[in-house]
Amino acid sequence: MSGKRAPLDHRLVDGAGGLSFINNIDAQLRVIAELQLATAAHHVIRLRLRLFYSGEPAGVLSFDLNGFSPAEAVALARDIAGNHTIMREIDEYLCGDLVE
């Protein structure tokens, strides 16, 4: 076996499979972004965010990524902190009415 790695395959799969990306937002907040097809018939990509604060589970958010290509969905899942809309949703979920 050579030391050469096979290229990563970023296809989205239906069912329990899919892609997961760990996003360390800051010293306390970690988000595991999971991508999978919502339904085989409609091919809507679902983004599920598992939130952890200080190492403890803090909740789950889910979004349907209507109109996103698989490449766009992967780019979003890899860089949750770079998406202001998603970060706002996380802040509102974690802090509730405290976020202005």
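Residues numbered from 1 in each chain as written. Predicted model: local features only at pLDDT ≥ 70, side-chain atom pairs only at ≥ 80, totals over all residues. Heavy atoms only, no water.

Student: When you look at the overall build of the chain in this model, what are you seeing that I'm missing?
Tutor: When you go through the chain residue by residue, the secondary structure sums to two helices and four strands. Taken from the N to the C terminus, the helices and strands of the chain come in the order β-β-β-β-α-α. Relative to its full complement of 100 residues, the chain shows a buried share of 29%. For the chain, the computed accessible surface area is about 6,800 Å², with 52% contributed by carbon and sulfur atoms. (Helix = DSSP H or I, 4+ residues; strand = E, 2+ residues; numbered from the N terminus. Buried < 20%, exposed > 50% of the residue type's maximum accessible area, 1.4 Å probe, protein only. Areas by Shrake-Rupley, 256 points an atom, 1.4 Å probe, with all protein chains shown as cover.)

Student: Explanation requested: helix H1 (residues 70-78) in the structure shown.
Tutor: Given 3.6 residues per turn, any residue in an α-helix points the same way as the ones three and four places further on. By the burial criterion, the buried members of H1 are Ala73, Val74, Leu76 and Ala77. Each buried residue of H1 sits inside an arc of 160 degrees when the element is viewed along its axis, so together they form one side. In this structure, the buried side of H1 is in contact with strand E1 (19-24), strand E2 (29-37), strand E3 (45-53), strand E4 (56-65) and helix H2 (84-95). (Arc of directions from axis to C-beta. Contact = heavy atoms within 4.5 Å.)

Student: Can you help me understand the pairing of E1 in this one?
Tutor: Regular strands place side chains that alternate from one sheet face to the opposite one. Judged by which residues are buried, E1 turns out to be one-sided: Leu19, Phe21 and Asn23 face inward and are buried, whereas Ser20, Ile22 and Asn24, on the alternate face, are not. In terms of strand pairing, E1 meets E2 through six bridges, oriented antiparallel. Looking at the pairing, leucine 19 lines up with leucine 35 of E2. Here E1 hands over to E2 after four residues, the two strands then running antiparallel side by side. (Pairing = 2+ DSSP bridges.)

Student: Which parts of the structure should I look at to understand H2?
Tutor: Its twelve residues give H2 an end-to-end C-alpha distance of 16 Å, which sits within 8% of 16 Å, the value for a rise of 1.5 Å per residue. Looking at H2, one finds that the buried residues are Ile86, Met87 and Ile90. Buried residues along H2 cover an arc of 100 degrees about the axis, so they all sit on one side. Across from the buried face of H2, at angles greater than 90 degrees, the exposed residues are His84 and Thr85. Contact partners of the buried residues in H2: E2, E3, E4 and H1. (Expected span 1.5 Å × (residues − 1).)

Student: Explain the sheet that holds E4 here, please?
Tutor: Strand pairing within a sheet occurs via backbone hydrogen bonds; the two strands may be parallel or antiparallel. With antiparallel pairing, the four strands of this open sheet are ordered in space as E1-E2-E3-E4. A strand with exactly one partner marks an edge of an open sheet, and here the two such strands are E1 and E4. On average, each strand axis in the sheet is inclined to that of its neighbour by 20 degrees, with strand direction left out of account. The sheet contact formed by E3 and E4 spans nine bridges and is antiparallel. Following the sheet pairing, arginine 46 is matched in E4 by aspartate 64. Across the sheet, H1 lies against E1, E2, E3 and E4, angled at about 35 degrees from E1, the strand it touches most. (Axes fitted to C-alpha atoms, helices over the stretch in contact; angles between N-to-C directions.)

Student: Would you mind going over the side chain of asparagine 23 with me for this structure?
Tutor: Tracing the chain through its elements places asparagine 23 in strand E1. Not counting residues within four places of it along the chain, the set of residues in contact with asparagine 23 comprises Leu29, Arg30, Val31, Ala33, Ala77, Arg78, Asp79 and Ile80.

Geometry only, nothing functional implied.
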